[in-house]
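Letter by letter, the chains look like this.
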Amino acid sequence: MEELKHIGIIMDGNGRWAKKRGLKRSFGHKEGSKTLKKLCLHLADVGVPYLSVFAFSTENFKRSQEEVDYLMDLFIEMFRKEFKVLDEKGVRVIFSGRKEPLRQDVLDSMAEITEKTKNNSKLVLNICLNYGGHSEIIDTTKKLCQQVLDGKIDIDHIDEETFEKNLYQELPPIDLLIRTSGEYRISNFMLWQMSYSEFYFTDTLFPDFNSEELDQIIEKYYQRDRKFGGVKG
Ligand code: IPE
Ligand code: IPE
Ligand code: MG
């Protein structure tokens, strides 16, 4: 039985949740942010040490300016106010993604919560914001090329371990990937980290997702037979 260290969640379905209720998409995002908070508190109790969530993809900039602005304002509100309870619980918040073209006030709020929670050790919450799996691989490749050009590393020293150390964050591989809202795709989430993840897709829209369902999925994870290319039994 492979210990569950790192869960990834593609938090999808906020828009549909709102639409079903005749509300604007923003209401779904707001409700989704409450769900995220509850899941973090729960995982801190359960003792899963890492959670990575997809909050905003590099492709999400294709949405209307109104929706992008709402999401950015919501992120600031979450990091400055709503996450107080997570800090108290011992959650450490880190981020993965590109800074460009995020607004300065968003970047400031990200830096603040990172600094404020840096000594917490109950749960690492990695928020993928302006994140793309392709961008991460490209940015890591560039970092390594620069190190070779600067004479800091030899090209033959580039292996999986070095590559991993130069990703946006040093994290264990994702053991369990959950996507809500009934879509069966990855949408450019953590490609490198998901090479051997167990996948779980649920029809539940993210604002309706809760700790009980998460517990059921975790239980199912422990029933899976992870082989990593080998032969068992
Ligand atoms: C996920 O919910 C949140 C973000 C992508 C920011 P969506 O906004 O994609 O919700 P649907 O897929 O339109 O229902
Ligand atoms: C993936 O959801 C990104 C996030 C959850 C932040 P999307 O709703 O953007 O993905 P697609 O467009 O359905 O693939
Ligand atoms: Mg979606």
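All values derive from a computational prediction rather than experimental measurement. Along each chain, residues carry numbers from 1 onward, in the same order as the chain's sequence is written. Chains and ligands are labelled by the order in which they are written, letters from A for the one and numbers from 1 for the other. Whole-chain, interface and lining totals are the exception, using all residues; otherwise, since this is a predicted model, local features are given only for residues with pLDDT of at least 70 and side-chain atom pairs are given and counted only at 80 or more. Side-chain numbers here rest on the full set of heavy atoms in the structure, without hydrogens or water.

## Observations concerning the packing of aromatic side chains
Inference 1: Each Phe, Tyr or Trp ring, with Trp reduced to its six-membered ring, pairs with another whose centre is within 6.5 Å; inter-plane angles below 30 degrees give stacked pairs, above 60 give edge-to-face pairs, and intermediate values give tilted ones. Scanning the model with the defined rule gives 15 aromatic pairs in all.
Inference 2: Both rings, one in Phe54 and one in Tyr131, keep their centres 5.9 Å apart while their planes meet at 80 degrees; by these two values the pair is edge-to-face. Placement of Phe54 in strand 2 (residues 50-57) and of Tyr131 in strand 4 (residues 123-131) is noted, with a sequence separation of 77 residues between them. Here Phe54 and Tyr131 have matching classes, each one buried.
Inference 3: An angle of 50 degrees between the planes, with centres 5.3 Å apart, marks the rings of Tyr196 and Phe228 as tilted. Remark: Phe228 occurs in the segment after helix 8 (211-221) and Tyr196 occurs in the loop between strand 5 (176-179) and strand 6 (198-201); sequence separation between them is 32 residues.
Inference 4: Summary of the burial criterion: residues with accessible area below 20% of their type's maximum are buried, those above 50% are exposed, and those between are partly exposed, where the area comes from a 1.4 Å probe applied to protein chains only. Residue classification places Tyr196 among the partly exposed residues on the basis of a relative accessible area of 46%.
Inference 5: Look at Phe228 and you get partly exposed, because its relative accessible area is 40%. Only DSSP runs of H or I with at least four residues qualify as helices, and only runs of E with at least two residues qualify as strands; both kinds are numbered from the N terminus onward.

## Topic: the state of the cysteines
Inference 1: By disulfide we mean two sulfur atoms from cysteines, separated by a distance within 2.5 Å. All told, the structure shown has zero disulfides when counted by the stated rule.
Inference 2: With no disulfide of its own, Cys128 lies 13 Å from the sulfur of Cys40, the closest cysteine sulfur.
Inference 3: Look at Cys128 and you get buried, because its relative accessible area is 0%.

## Quick word on the site of ligand 1
Inference 1: The near set for a molecule or strand comprises every residue that places at least one heavy atom within 4 Å of it. Of all residues adjacent to ligand 1, which total 13 residues, the nearest are Asp12, Gly15, Arg16, Arg25 and Arg63.
Inference 2: For ligand 1, an oxygen atom lies 2.9 Å from a polar atom in the backbone of Gly15.
Inference 3: For the area figures, the Shrake-Rupley method with a 1.4 Å probe applies, and any residue is considered shielded solely by the protein chains shown. Burial of ligand 1 by the protein amounts to 87% of the accessible area it has alone, namely 370 Å².
Inference 4: The site holding ligand 1 turns out to be the largest pocket.
Inference 5: If one sorts the elements of the shell around ligand 1 by residue count, helix 1 (residues 14-20) sits on top with three residues.
Inference 6: Here the shell around ligand 1 is built from residues that sort into three nonpolar, five polar and five charged. Any N or O atom pair separated by 3.5 Å or less is treated as a polar contact, with the protein-specific requirement of one donor-capable and one acceptor-capable atom, and with residues adjacent in sequence counted only for side-chain atom pairs. Using protein atoms alone on a 1 Å grid, points that fit a 1.4 Å probe yet trap it form a cavity, whereas open point sets bounded by protein on both sides within 12 Å along at least five of seven lines form a pocket; residues with an atom within 4 Å of a point count as lining. Just a note on the criterion: a molecule sits in a pocket or cavity if more than half of its atoms are within 2 Å of the grid points. Gly counts as polar in this scheme, as do all residues outside two lists: the nonpolar Ala, Val, Leu, Ile, Met, Phe, Trp, Tyr, Cys and Pro, and the charged Asp, Glu, Lys and Arg.

## With respect to the pattern of salt bridges
Inference 1: The term salt bridge refers to a pairing of a side-chain nitrogen on Lys or Arg with a carboxyl oxygen on Asp or Glu at a separation within 4 Å. Applying the stated criterion across every chain, the model contains 22 salt bridges.
Inference 2: Among the ionic pairs, Lys24 bridges to Glu66, the shortest N-O distance being 2.9 Å. Here Lys24 is found in the loop between helix 1 and helix 2 (25-46), whereas its partner Glu66 is found in helix 3 (residues 65-82), with 42 residues between them in sequence.
Inference 3: In this structure, Asp105 and Arg103 form a salt bridge, with 3.0 Å as the shortest nitrogen-oxygen distance.
Inference 4: Take Asp105: its relative accessible area is 32%, and that puts it in the partly exposed class.
Inference 5: In the salt-bridge network here, residues are joined through shared partners; they are Asp12, Arg16, Arg179, Glu183 and Arg185.

## Some remarks on the packing of helix 2 against helix 3
Packed helices, taken two at a time, are described by the angle between their axes plus the distance between the axes.
Inference 1: Angles shown run from 0 to 180 degrees and are taken between the N-to-C directions of axes, each axis being a line fitted to C-alpha atoms and, for helices, limited to the stretch in contact. With their axes 10 Å apart at the nearest point, helix 2 and helix 3 run at an angle of 30 degrees to one another. Comparing the axis directions of helix 2 and helix 3 gives the class roughly parallel. In this structure, the crossing between helix 2 and helix 3 has a hand that is right-handed. Contacts between helix 2 and helix 3 involve Arg25, Ser26, His29, Lys30, Ser33, Leu36 and Lys37 on the former and, on the latter, Glu67, Tyr70, Leu71, Leu74, Glu77, Met78 and Glu82.
Inference 2: Along the lines of polarity and charge, the residues of the contact of helix 2 with helix 3 split into five nonpolar, three polar and six charged. Orientation labels follow simple angle bins: below 35 degrees gives roughly parallel, above 145 gives roughly antiparallel, 65 to 115 gives roughly perpendicular, and whatever is left gives oblique. Should the near helix be turned anticlockwise from the far one by less than a right angle, the crossing is termed left-handed; should it be turned clockwise, right-handed. Two residues qualify as a contact provided that any one of their heavy atoms is within 4.5 Å of a heavy atom in the partner residue.

## What to know about the site of ligand 2
Inference 1: Surveying the vicinity of ligand 2 reveals the residues Ile10, Met11, Asp12, Phe54, Ala55, Phe56, Asn60, Arg63, Arg179, Arg185 and Ser187.
Inference 2: Within the side chain of Arg63, an N or O atom sits 3.2 Å from an oxygen atom of ligand 2.
Inference 3: Contact with the protein chains covers 78% of the free accessible surface of ligand 2, which is 390 Å².
Inference 4: Applying the majority rule of atoms within 2 Å of the grid points places ligand 2 in the largest pocket.
Inference 5: Sorting elements by how many residues they give to the shell around ligand 2 places strand 2 first, with three residues.

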